[in-house]
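A closer look at the structure
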Amino acid sequence: MKAEIISVGTEILLGEILDSNSQYIASRLPPIGLDLYYQSTVGDNLERLTDAIERALQRSDVVLMTGGLGPTEDDLTREAIAATLGEEMFVDADAEKALRAFFSARGVSFPERNVKQTMLIPSATAIPNPRGTAPGWWVETTRPDSGDRIIIAMPGPPNEMQRMWEKEVEPKLSELAGGGILISRVLKTIGVGESHIDEMVAPLLKSLNPTIGVYAKPDGVYLRLAAKAETAQAARDLIAPVEEEARRILGEIIWGADGDELAAVVGEMLKARGLTMATMESCTGGLLASTITDIDGSSSYFKGGYVSYTSKMKMNLGVSADLIEKHGVISSQVAGDMARAARRALDSDYGIGVTGVAGADAVEGHPPGTMHIAVHDGRAPEGISYTFYQGRLATKRRAVTTALFLLRRSLLVHKT
Ligand code: ATP
């Protein structure tokens, strides 16, 4: 079955809000065997909306819409569907009663224009929306030229839409789609570039089911194995031997799979060995500590972190003035000493130090994106230095990923 998504709203069209609904829905379609061919965004305009629905009905079996179900004049999704199908809207008496009760239960007087949200057309049934006031519409129609079609209209607010999708829409669509199910497995690697990974797994890339894709992400290079089969289990069985082979080829550069996060994976490694860590960061401004503490349970291994932006603060925390003098504050030596000082100050097993240039201007002759990162485990510092500027925030994020990668590498090398 072919599907397409239409997101409705002028604010999305103008880029004022991100169309996360389309992204969400798109990601939910492959596992239930629906093929997504088109996505479009239309503003709050009856004529253009009607055009978009008409076009979608000509080429897609299922049209998935979000937004425009509110009570105001510019919420036009229902009107556009009715106009496209040439049907009259009517008030659904039961729905109206329920909506009036909803308002009175909250002690709020009923705005008469909300009656609009209880309207239906003969080919539509209401989809319950316990999180909001606008039910969705499930519309089944037969087009003389193109056959059976389904239009599903869901509310714009993502929390309402997602609940409706999960509880009401997806189960029914999945049953109707009946065909193949696409399951994907993502293996996450770090430390080796995209083209090199591509070469390493070249023998696997010929595979048609699962298909294999290699792509770069902020936290490393991902390998996506996607298999289509009658059932989810059959798809997983197709993936398993290819995943095994990929793991054999790539070994320890695979740090996780699917929803795994690098900070959590590294945290688990520390936890498993009863080890602790501390950080001293400069140009990342606390992002490293923040990323580490995004993980539940990080208090069992993270002792704390310093944001030592100035040289003076670094020295106050025990970083060697001589090293700063000799090599400059942006240097691998100072990163190593920051890692040592953090480790010692907080009496932890590992220390991480980060110093560099996150901004767009050179500092002390070092170009934007210069980065020195070090890990200290009480023996000698191990470090990585590079220069790669991608804008301030992305540069900081890359440094954090690299720091976690370095810590993981150290934990893998020094098993005791
Ligand atoms: P309401 O009853 O709240 O008016 P609605 O179905 O009419 O709901 P819209 O008015 O189009 O939906 O959008 C309401 C809000 O939902 C928007 O302001 C926006 O915050 C969010 N929203 C709408 N569409 C999307 C989308 N495609 N992606 C993410 N958020 C969206």
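Look a little higher up for the structure.
What comes next is a walk through the structure.

Rules used throughout
Residues numbered from 1 in each chain as written. Predicted model: local features only at pLDDT ≥ 70, side-chain atom pairs only at ≥ 80, totals over all residues. Heavy atoms only, no water. Pairing = 2+ DSSP bridges. Helix = DSSP H or I, 4+ residues; strand = E, 2+ residues; numbered from the N terminus. Axes fitted to C-alpha atoms, helices over the stretch in contact; angles between N-to-C directions. Core = buried A, V, L, I, M, F, W, Y, C linked by side-chain atoms within 4.5 Å. Buried < 20%, exposed > 50% of the residue type's maximum accessible area, 1.4 Å probe, protein only. Contact = heavy atoms within 4.5 Å. Phe/Tyr/Trp six-rings, centres within 6.5 Å; stacked < 30°, edge-to-face > 60°. Near = heavy atom within 4 Å. Polar contact = N/O pair within 3.5 Å; in protein donor to acceptor, adjacent residues only side chain to side chain. Areas by Shrake-Rupley, 256 points an atom, 1.4 Å probe, with all protein chains shown as cover. Salt bridge = Lys/Arg side-chain N within 4 Å of Asp/Glu carboxyl O. Parallel < 35°, antiparallel > 145°, perpendicular 65-115°, else oblique. Left-handed = near helix turned anticlockwise from the far one by under 90°. Right-handed = clockwise from strand over helix to strand, strands pointing away.

Turning to the sheet that holds strand β11 (residues 220-229), a few remarks are in order. Strand order in the open sheet made by the four strands is β10-β11-β9-β12, with antiparallel pairing throughout. Looking along the sheet, the strands with just one partner apiece sit at the ends: β10 (211-217) and β12 (254-257). Averaged over all adjacent pairs, the angle separating strand axes in this sheet is 25°, with direction ignored. Both strand β9 (residues 181-189) and β12 contribute to a ladder of three bridges, which runs antiparallel. Along β12, the bridge assignment pairs T189 with I254.

Right, let's get into the nonpolar core. Core analysis: the largest hydrophobic core is formed by 35 residues, its most contacted members being M277 and L407. For this core, the elements supplying multiple residues, two or more each, are α9 (262-272), α10 (287-292), β15 (350-356), β16 (370-376), β17 (382-387) and α14 (392-413). Top contributing element to this core by residue count: α14, with nine residues. If near-sequence neighbours (up to four positions away) are discounted, M277 is found in contact with L270, I292, Y301, F302, K303, G304, S348, Y350, I352 and L407. With 24 residues, the next largest nonpolar core counts V42, A56, L85 and I121 among its residues.

The subject of this paragraph is the packing of aromatic side chains. The full count for this structure, using the stated rule, is three aromatic pairs. An angle of 85° between the planes, with centres 5.3 Å apart, marks the rings of F103 and F110 as edge-to-face. Take F110: its relative accessible area is 14%, and that puts it in the buried class. Each ring, one from Y215 and one from Y222, has its centre 5.9 Å from the other, and the planes form 65°; the classification is edge-to-face.

Close to the ligand lie 20 residues; E11, D19, L69, G70 and G156 are nearest. The side chain of E11 places a nitrogen or oxygen atom 2.9 Å from an oxygen atom of the ligand. Within the contact set of the ligand, an oxygen atom lies 3.0 Å away from a backbone nitrogen or oxygen of G68. Alone, the ligand offers 610 Å² of accessible surface; in the complex the protein occludes 76% of this. Of all the elements in the fold, those that place two or more residues in the shell around the ligand are β1 (2-8), α1 (10-13) and α2 (20-28).

Bringing the sheet that holds strand β6 (residues 124-127) into the picture now. Strand pairing in a sheet is mediated by backbone hydrogen bonds. Such pairs are either parallel or antiparallel. Reading across the sheet, the six strands line up as β2-β1-β3-β8-β7-β6 and stay open at both edges, with mixed pairing between neighbours. Each end of this open sheet is capped by a strand with a single partner; those strands are β2 (35-42) and β6. Pairs of neighbouring strands in the sheet enclose a mean axial angle of 20°, with direction left out of account. As defined by bridge partners, strand β7 (residues 136-143) adjoins strand β8 (residues 147-154) across seven bridges and the pair is classed as antiparallel. Bridge assignment links R143 to a residue of β8, and that residue is G147. Strands β3 (62-66), β6, β7 and β8 of the sheet are contacted by helix α6 (residues 158-177), whose axis makes an angle of about 165° with β8.

Now for the pattern of salt bridges. Summed over all chains, the structure comprises 17 salt bridges. Measuring nitrogen to oxygen at the nearest pair gives 2.9 Å for the salt bridge that ties E4 to R59. Of the two residues, E4 sits in strand β1 while R59 sits in helix α3 (residues 46-59), which places them 55 residues apart along the sequence. The buried category is assigned to E4, whose relative accessible area is 1%. According to the relative accessible area criterion, R59 is partly exposed, its value standing at 23%. As a salt-bridge pair, E170 and R28 come within 3.0 Å of each other at their nearest N and O atoms. With E170 in helix α6 and R28 in helix α2, the pair connects residues that are 142 residues apart, well separated along the chain. Owing to a relative accessible area of 16%, E170 belongs among the buried residues under this scheme.

Now for the packing of α9 against α14. Between α9 and α14, the shortest axis-to-axis distance is 10 Å and the interhelical angle comes to 30°. In terms of their interaxial angle, α9 and α14 are classed as roughly parallel. The interaxial crossing formed by α9 with α14 has left-handed handedness. Side by side, α9 and α14 meet where L262, A263, V266, M269 and L270 of the first sit next to T401, L404, F405, L407, R408, L411 and L412 of the second.

The two faces of the sheet receive side chains in turn, since in a regular strand these alternate between them. With seven of its seven residues buried, β15 lies for the most part within the structure. In β15, alternate side chains face the same way, and those of Y350, I352, V354 and G356 on one face and G351, G353 and T355 on the other are all buried. When β15 meets β16, the two strands line up antiparallel, connected through six bridges. Residue pairing across strands places I352 opposite V375, the latter belonging to β16.

Below, the discussion takes up unusual backbone geometry. The bulk of non-glycine residues show a negative phi, and the bulk of peptide bonds are trans. With an omega of 10°, the peptide bond between N209 and P210 qualifies as cis. The phi dihedral of D347 falls on the positive side, at around 50°, and the residue is not glycine. For D347, the location among the structural elements is in the loop between α13 (332-345) and β15. D347 gets classed as exposed once you look at its relative accessible area, which sits at 60%. Positive phi, normally seen in glycine, also occurs at E364, with a value near 50°. Considering the arrangement of structural elements, one finds E364 in the loop between β15 and β16.

Turning our eyes to something else, we now look at the pairing of strand β13 (residues 277-281). Burial of β13 is extensive: five of the five residues sit out of reach of the surface. Where burial is concerned, the two faces of β13 agree: the one with M277, T279 and E281 and the one with A278 and M280 are both buried. Here β13 runs beside strand β14 (residues 302-307); their pairing, made up of five bridges, is parallel. Within β14, the residue paired with M277 across the bridge is F302. Handedness of the crossover joining β13 and β14 through α10: right-handed. Where β13 meets β15, five bridges bridge the pair, whose relative direction is parallel. Paired with M280 across the two strands is G353, which belongs to β15.

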